[in-house]
Every structure is written in structure tokens, then in C-alpha cells.
Amino acid sequence: MPRCHSLRAGILRSNHDNCYAVNVNNVNNEQQAGSQSRYTARANVWWRCLLTLQMWAERVHGLWLLAVPGLLLQVGCAQFLPSSTNTPHPTPTCTARAAAEFSLLGELRWDDQQSFAGTRVGGLSSIDYDAAFGLFFLVSDDRSTVDPARAYTARIRYDDQGLHEVTLQELIWLKNSQQQRFASPLAAHRTTPLPDAEALRLLPASSHMLWTDEGDFAQGTGPQLIEADKDGRWLRTWPLPSVLQLPHDITLRQGPRRGYTLEGMSLSPDGKTLWLSMERALWQDLQATTAAHQAPPIRITALDTASRQPLRQLAYAPDALPKGLWLLPGKAMQGVSDILADGPEHLLVLERSYAPQLGFAARIYRIAITAAKADNDVLALPQLTPGNH
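Please read these numbers as outputs of a predicted model, since none were measured by experiment.

Quick look at the sheet that holds strand 17 (residues 234–238)
Spatial strand order, 14-15-16-17: four strands in an open sheet with antiparallel pairing. If you trace the sheet from one side to the other, it starts and ends with strand 14 (197–202) and strand 17, each paired once. Strand-to-strand twist across the sheet, computed as the mean angle between neighbouring axes with direction ignored, equals 25°.

Notes on the pairing of strand 16 (residues 224–229)
In terms of burial, strand 16 is a largely internal element, five of the six residues being buried. Alignment of strand 15 (residues 208–213) against strand 16, held across six bridges, turns out to be antiparallel. Paired with His-208 across the bridge in strand 16 is Asp-229. Where strand 16 meets strand 17, four bridges bridge the pair, whose relative direction is antiparallel. For Ile-226, the partnering residue across the bridge sits in strand 17 and is Thr-237.

Some thoughts on the sheet that holds strand 12 (residues 150–159)
The four strands lie next to each other as 10-11-12-13, forming an open sheet whose pairing is antiparallel. Only two strands of the sheet have a single neighbouring strand rather than two, namely strand 10 (124–130) and strand 13 (162–173). Ignoring strand direction, the axes of neighbouring strands in this sheet form an average angle of 30°.

Details of the environment of Ser-126
Looking at the element boundaries, Ser-126 is found in strand 10. Taking the C-alpha atoms as reference points, Ser-126 and Arg-201, 75 residues apart in sequence, are found 8.4 Å from one another. Engagement of the side chain of Ser-126 in a polar contact is seen with the side chain of Arg-201, the distance being 3.3 Å.

Considerations on a nonpolar patch on the surface
Together, Trp-326, Leu-327 and Leu-328 make up a nonpolar patch on the protein surface, roughly 350 Å² of accessible area in all. Assignment of secondary structure puts Leu-327 in the loop between strand 21 (310–316) and strand 22 (333–341).

Some words on the nonpolar core
Leu-225, Leu-274, Trp-275, Leu-276, Leu-347 and Ile-367 are the most contacted members of the largest nonpolar core, which has 30 residues in total. Put simply, the parts of the chain that give this core at least two residues each are strand 18 (262–267), strand 19 (273–278), strand 20 (298–304), strand 21, strand 22, strand 23 (346–355) and strand 24 (359–368). Grouped together as the second largest cluster of nonpolar side chains are 16 residues, Leu-135, Leu-174, Leu-202 and Met-209 included.

Observations regarding the pattern of salt bridges
With the rule as written, the count across this model stands at 14 salt bridges. When the shortest N-O distance is used, the salt bridge between Arg-236 and Glu-227 registers 2.9 Å. When salt bridges that share partners are traced, they join Glu-227, Arg-236 and Arg-308 into one network.

Regarding the pairing of strand 23
Counting buried positions along strand 23 gives nine out of ten residues, so the element sits mostly inside the fold. Alignment of strand 22 against strand 23, held across eight bridges, turns out to be antiparallel. Residue Ile-339 lies in a different strand from strand 23, and its bridge partner there is Val-349. In sequence, strand 22 turns back onto strand 23 through a hairpin of four residues, with Gly-343 there showing a positive phi of about 80°. For strand 23 and strand 24, the ladder comprises ten bridges, and the chain directions are antiparallel. Considered in strand 24, the bridge of Leu-350 is made with Ile-364.

Some thoughts on the packing of aromatic side chains
To describe a pair of aromatic rings, one takes the distance between the centres and the angle between the planes. Going through the model one piece at a time under the given rule, you end up with four aromatic pairs. Plain terms: the ring middles of Phe-116 and Tyr-152 are 6.1 Å apart, the flat faces sit at 75° to each other, and that makes the pair edge-to-face. Note that Phe-116 is positioned in strand 8 (residues 115–116) and Tyr-152 in strand 12, a separation of 36 residues in sequence. Ring centres of Tyr-129 and Phe-136 lie 4.6 Å apart, and the angle between their planes is 45°; this geometry places the pair in the tilted category.

Observations regarding unusual backbone geometry
Omega for the bond connecting Gly-122 with Gly-123 falls within 30 degrees of zero, at -5°, which places this linkage in the cis form. Mapped onto the elements of the fold, Gly-123 is located in the loop between strand 9 (119–120) and strand 10. A positive phi angle is found at Ala-205, which is not glycine, with a value near 50°. Relative to the helices and strands, Ala-205 resides in the loop between strand 14 and strand 15. In this structure Ala-205 comes out as exposed when scored by relative accessible area, which is 93%.

What counts and what doesn't
- Residues numbered from 1 in each chain as written.
- Predicted model: local features only at pLDDT ≥ 70, side-chain atom pairs only at ≥ 80, totals over all residues.
- Heavy atoms only, no water.
- Pairing = 2+ DSSP bridges.
- Helix = DSSP H or I, 4+ residues; strand = E, 2+ residues; numbered from the N terminus.
- Axes fitted to C-alpha atoms, helices over the stretch in contact; angles between N-to-C directions.
- Buried < 20%, exposed > 50% of the residue type's maximum accessible area, 1.4 Å probe, protein only.
- Polar contact = N/O pair within 3.5 Å; in protein donor to acceptor, adjacent residues only side chain to side chain.
- Patch = residues over 30% accessible without salt bridge, like charges linked within 9 Å, V, L, I, M, F, W, Y side chains within 5 Å.
- Areas by Shrake-Rupley, 256 points an atom, 1.4 Å probe, with all protein chains shown as cover.
- Salt bridge = Lys/Arg side-chain N within 4 Å of Asp/Glu carboxyl O.
- Core = buried A, V, L, I, M, F, W, Y, C linked by side-chain atoms within 4.5 Å.
- Phe/Tyr/Trp six-rings, centres within 6.5 Å; stacked < 30°, edge-to-face > 60°.

Coordinates in, geometry out; function isn't part of it.
As C-alpha cells, then:
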């Protein structure tokens, strides 16, 4: 994927709390059977529909897309496909009387060389909001390539008239278990693992935060969920289900795949449950589908925040890749980029796909999670196979 040349931030708001629509070029309404609903919107490669308190920085046609979302967005799901030449034809996606559309409040672009406190800011992978202090926390995911692993705080000034300013406030060095900064991957004779930070969440009623590390397989470390002080000081790691841990022999096709591990994270509204999503399927789950082009299931895990123990696990089935991919079909991929709790019974799931001949695409789904408590819990399953989930 190309290196970034600029940072782009956009903010949206919804006009109503309980309904939503996406007004981006051509919008269609489609209901799927079961607990998952889908809405589609044709748009340019830029992602225009964003989630509450989420940020995604993705390399999109030579640019970093930095999505700073509207705080009033409550529920939603949308599919973004390659650009269409159709005349814009918005359609409400809610059946309630007050069907709402989103409006783009504004956007902000930073150059890829944007610096703060002597560090290069991009790329940014996640955002969360500290309401007590009016600060946003942002995490960098450059794997310490440019500067050691880090996060930032920022103030974002916006109103109904638009997004006016994003001002970085503080640099936070993320520390390892020895309370040291992480080394550069270019350091000679490096023997310490490097983190690949992806998601960051602030723990409620606490001065602590959680951040996910996709792991450094070459150094023998798998994905980690790390608890730290807001100043970056390492406190502990939370236990992960055994299927998400790196096996002793990484040559075995078991467990997580490098670069496709802990990508998304969200807290339930009451703060009692933490949801973690893998980016793509585990090695042993790749054969869990039988239909052609169907994507293998991706595990989404719930943890109890009081005990820090895994509670249950969902097998999420992402969309199938398009048929007829003739250009480098082995490079096509489909995965989950982020999740967001939407009340106590639903998650919003951001799917992201890439195919050389089509470019990037994104879809947002709203899925029910209550039914999984008894019938669809796959936490105890070492392998997902057709018919067992």
C-alpha cells in the first residue's frame, strides 16, 4: 500500500438520535434476514460515514484518511462501494417518522510530515474521548518506525457550522513492561518486541486506558491487550482466549495470523464488558466456509472488565469478496477494521476490503449480540468448521 502524503479528517453529525441515513451519492436501503441489517451507499474511495468516537487512519490512494466522527451519531450501518456515476438519489434508511440524514460538518487535512513535540504524528489508528477533561486520545500505529510507540491528546473544536480546529495537546510515550520506550526496528541487534498499536479505549471512572498490540511474531510475541496509565506507563496485560494467542511453534498454521490480529475494541455503555475484534480469521478457521468466495468467520470476544476474563465469543461472518477478481486475486482481502457498542444489545462493525482491481471499500453493519449468549458462543471451540457455529 502506498505511503501517505496527507492526513484528512472529517466530522459528521446526525439530526436525530434514533434513526440515521447516509447521504453520499447513491443510497439504497436493503434489509437482510436475521439479526444483521445492511444499508449501502455508493461513494468515492473516501469514507464518509463514520462512527461515534472512532478514528481510522487508512492508506487510501496515496492519502491517509483520518476520520474524526460526529458525537451525535447513535446507530448506523452502511456499505461503501467504488464510486458510481449514477445521479445522487438518497433514500431514508429508517422507518421511523424522523428519518435522519447525516451531514458532513467539515474536514481537516494534515500533511504526512505533520509534527508535534518533535515527533511525526501519522498514522493514527484510533480515538477515544475523555469527557471529564474534554480531551481526545489518539494512538499512532507506525510500529516505532519513525518515533517510539506513542499516543497524543487533542482538542477538537466543532459545532453545527463545521469542524474548525484539531489542536494536539500532549505527547504520550507508550511504555513496555520495564517502563521503557520501545526501541526502533532499525536498532542494531534488536531483541525486544515492537508493538503494533491499533485500538485505544479509556476505562470509565479510572485514570487507566487499554490499547491493543497486534504483536511482533518475529520476536515471539502475539497479540496483547495492554492496560496502562493515561501517561503511558505499563500496568498489566489482560488474558486472551487461548485461540487468540501465538502458538509456541509459529510455523504451525494455528492461531492468529501476522498483521491480522486485535484491530477493534469497544466498551459496553455500562463499562462492564469489553469487546475485542480480530481483523481477519484465525489460521484454523480459514476453512470454516463452504460457499465459493465466502469470507471465513472472524472472532469477536467479550471480556468482563471487573475480572479481566473472557466471557464469550462471536463468530462474525464478513461479506464475501466479489466474484471474478482477475487481477492478483491472492492480494484481495476482507476483514473487520473496528467495532463500536451501540447500546447493550448491538455492535456496529466496520468491514474493510481491498482488491487490486477495485481498490478499497468499507461497510458498516449493525449486529445483534444478545442471541450469542447461549446459542452462538464459540469461545470453547478451538476451530470453526461449517455447521458448528
